[in-house]
Amino acid sequence: MSRGPRRAGAGQGAAAAVQLLVTLSFLPSVVEAQVTGVLDDCLCDIDSIDNFNTFKIFPKIKKLQERDYFRYYKVNLKRPCPFWAEDGHCSIKDCHVEPCPESKIPVGIKAGSSNKYSKVANSTKELEDCEQANKLGAINSTLSNQSKEAFIDWARYDDSQDHFCELDDERSPAAQYVDLLLNPERYTGYKGSSAWRVWNSIYEENCFKPRSVYRPLNPLAPSRGESFYTWLEGLCLEKRVFYKLISGLHASINLHLCANYLLEETWGKPSWGPNMKEFKRRFDPVETKGEGPRRLKNLYFLYLIELRALSKVAPYFERSIVDLYTGNVEEDADTKTLLLNIFQDTRSFPMHFDEKSMFAGDKKGAKSLKEEFRLHFKNISRIMDCVGCDKCRLWGKLQTQGLGTALKILFSEKEIQKLPENSPSKGFQLTRQEIVALLNAFGRLSTSIRELQNFKVLLQHSRCHCEKGQLFPSTSASPSAGSWGTADSPALGSLQPEVPAEPLAVHHSTQTASVGSRK
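Attention here is on the structure that accompanies the text. Note that this is a predicted model, so its numbers are computed, not measured.

### Notes on the pairing of strand S3 (residues 261-266)
Pairing of S3 with strand S4 (residues 269-273) involves five bridges; the strand directions are antiparallel. By the bridge assignment for S4, glutamate 264 is matched with serine 271. The turn joining S3 and S4, which pair antiparallel and follow one another in sequence, is formed by two residues; a positive phi near 50 degrees is taken by tryptophan 267.

### Overview of the pattern of salt bridges
This structure, assessed with the given rule, holds 27 salt bridges. Here arginine 281 ties to glutamate 278 by a salt bridge, and the two come within 2.8 Å at their closest N and O atoms. One end of the pair, arginine 281, and the other, glutamate 278, are both in helix H11 (residues 276-283), three residues apart, so they sit about a helical turn from each other. In this structure arginine 281 comes out as buried when scored by relative accessible area, which is 8%. Judged by relative accessible area, glutamate 278 falls into the buried class, the value being 1%. Between glutamate 355 and lysine 312 there is a salt bridge, with its nearest N and O atoms 3.3 Å apart. Of this pair, glutamate 355 sits in the loop between helix H13 (329-348) and helix H14 (363-383) while lysine 312 sits in helix H12 (residues 291-318), and the two are 43 residues apart along the sequence.

### Quick look at H13
Think of an α-helix as 3.6 residues a turn; residues three or four steps apart then line up on the same face. Look at H13: 29 Å from first C-alpha to last across 20 residues, which is about the 28 Å you get at 1.5 Å a residue. When H13 is considered as a whole, its buried residues turn out to be Asp332, Thr335, Lys336, Leu338, Leu339, Ile342, Phe343, Asp345 and Thr346.

### Quick look at the nonpolar core
Judged by nonpolar contacts, the single largest core of 117 residues is most densely connected at Ile49, Leu245, Tyr303, Phe317 and Leu394. Looking at this core, the element that brings in the most residues is H12, giving 15 residues. Other than its neighbours up to four places away in sequence, isoleucine 49 contacts Leu39, Cys44, Tyr300, Tyr303, Leu304, Phe349 and Ile449. Of all hydrophobic cores here, the second largest spans five residues; its members include Tyr72, Cys100, Ile105 and Tyr177.

### Looking at the environment of lysine 110
On the secondary structure map, lysine 110 appears in helix H4 (residues 107-111). Along the chain, lysine 110 and threonine 326 lie 216 residues apart, while their C-alpha atoms are 8.3 Å from each other. Those residues within four positions of lysine 110 in sequence are excluded, and the remaining contacts are Glu102, Ile105 and Tyr177. Of note is the side chain of lysine 110, whose polar atom sits 3.2 Å from the backbone oxygen of glutamate 102.

### Considerations on unusual backbone geometry
One non-glycine residue, aspartate 41, lies in the positive phi region at around 65 degrees. Among the structural elements, aspartate 41 can be located in the loop between helix H1 (3-34) and helix H2 (46-65).

### Thoughts on the packing of aromatic side chains
Describing an aromatic ring pair means giving the distance of the ring centres and the angle of the ring planes. Applying the stated criterion across every chain yields a total of 21 aromatic pairs. Geometrically, the ring pair formed by phenylalanine 279 and phenylalanine 455 is stacked, given 4.4 Å between the ring centres and 10 degrees between the ring planes. You can see phenylalanine 279 sitting in helix H11 and its partner phenylalanine 455 sitting in helix H17 (residues 432-467), a full 176 residues away along the chain. On the basis of relative accessibility, which here comes to 2%, the residue phenylalanine 455 falls in the buried class. Aromatic pair tyrosine 303 and phenylalanine 442: ring centres 5.0 Å apart, planes at 35 degrees, arrangement tilted. With tyrosine 303 in helix H12 and phenylalanine 442 in helix H17, the pair connects residues that are 139 residues apart, well separated along the chain. Taken individually, tyrosine 303 and phenylalanine 442 each receive the classification buried, so the pair is uniform in this respect. Grouped by ring-pair contacts, the aromatic residues Phe164, Phe208, Phe242, Phe359, Phe373, Phe377 and Phe411 constitute a single cluster.

### Regarding the environment of glutamate 98
Assignment of secondary structure puts glutamate 98 in the loop between strand S1 (72-75) and H4. Taking the C-alpha atoms as reference points, glutamate 98 and asparagine 183, 85 residues apart in sequence, are found 7.0 Å from one another. Ignoring sequence-local partners within four residues, the contact set of glutamate 98 consists of Val178 and Asn183. At 3.1 Å, the side chain of glutamate 98 forms a polar contact with the side chain of histidine 96.

### A short note on helix H15 (residues 390-410)
A rise of 1.5 Å per residue sets the reference length of H15, with its 21 residues, at 30 Å; its end C-alpha atoms lie 30 Å apart and thus fit the reference within 8%. Judged by how many residues are buried, H15 sits mostly within the fold: 20 of 21 residues are covered.

How each quantity is defined
Residues numbered from 1 in each chain as written. Predicted model: local features only at pLDDT ≥ 70, side-chain atom pairs only at ≥ 80, totals over all residues. Heavy atoms only, no water. Pairing = 2+ DSSP bridges. Helix = DSSP H or I, 4+ residues; strand = E, 2+ residues; numbered from the N terminus. Salt bridge = Lys/Arg side-chain N within 4 Å of Asp/Glu carboxyl O. Buried < 20%, exposed > 50% of the residue type's maximum accessible area, 1.4 Å probe, protein only. Expected span 1.5 Å × (residues − 1). Core = buried A, V, L, I, M, F, W, Y, C linked by side-chain atoms within 4.5 Å. Contact = heavy atoms within 4.5 Å. Polar contact = N/O pair within 3.5 Å; in protein donor to acceptor, adjacent residues only side chain to side chain. Phe/Tyr/Trp six-rings, centres within 6.5 Å; stacked < 30°, edge-to-face > 60°.

As structure tokens, this is what we get:
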């Protein structure tokens, strides 16, 4: 009596194996065929970016990220979510971030203020502070306490006018140094309604989109309605760019999760590596109804934007006053030399995105649109404080801050051109936090594009083995039963958000209109 069901089950298993074999053999050519050619809204092709990144950028940026100046990032992971009551922090062990003990931080980083780079600047900080206090004292001697507080608020407001991100206060007791090399971005298992709500708020409320238009694959979308891409193509360039930047960042995060996936854990020893099934679920044209290739193209577009920012900000770092001070004179000199080499490479790229095509209308309208653009992105940086997984929050904050810094650079060209050689600039300034975020964020994009190439090779390798009858040739490139238990449940980086048990109400408080109201 039991043989029949077993035979049926075996037949179903064989059919599923054949189907997977056919799918894997077909996937590489589909991905390669659709993620190619010239990108929209710019004159650059994907193959050129692949070659440039592989041979010029990736080896150097990876090396730079290992230097002390760029591996230690100060961040506040305890800031409350400003938009909704938090669901509580994730208790999964892989969500944990291990802060760096104070004793491990290089003395130059620990002692320096947020916008001092050189040994001279750090050693003269106390004198400058005293002089500044005397000046403020002279100015404020006739002001009431209430007026003094208002003056301080105005100064803070002026300082934030060029920022596209909500920066953490590095002086806060809750801000801690994190060693980015010891807390890598990878799949943590964080998923469900908490993760869904973060991305839903970003896309539905901050991407210049009316509520009548739903992004592709949104589970709450009605069966009928205006086509998302018909709507998107009707937008001005600036708003299309905004959406592509967010989509590209999302795709990049997805690639990191797929490439650093928990494949198995034996006797407490985890094995991390690329998960092809997860990659296929997030990017395969069939499974994503054509969305996967679009999102991968947006990743390349984002790479171009940040590449352009690095080429524009080079003069800032070429000045003698900037030496990326950590206290180790030899390493600091090597680090700056490596950074300047990277800038030289970015300048040599022949097909840069032309940021001058943005905000180029009448001055009043362009200024208003630019401010709206800035506030929308700043709001997204605040939403990162609503992520329940500490590791996801860390890398989400770093990468949004890095992109925000890139945007700040692109729209500060005149100020960068007027930089004094031997003194700080009042017109344009970068904090160490912004510098570390900028280069690490670009490093993540460079890694994403490199990982995409690796997945293409692995899929091609699988196709060859499939043709020979070997379905999964090696454990490093193939799934195990233990690693796929929750593969169909989206993580923070998921492109297909999980439908909550009850539909979540749209949180109007995360809209840009509420930027001024905080908890």
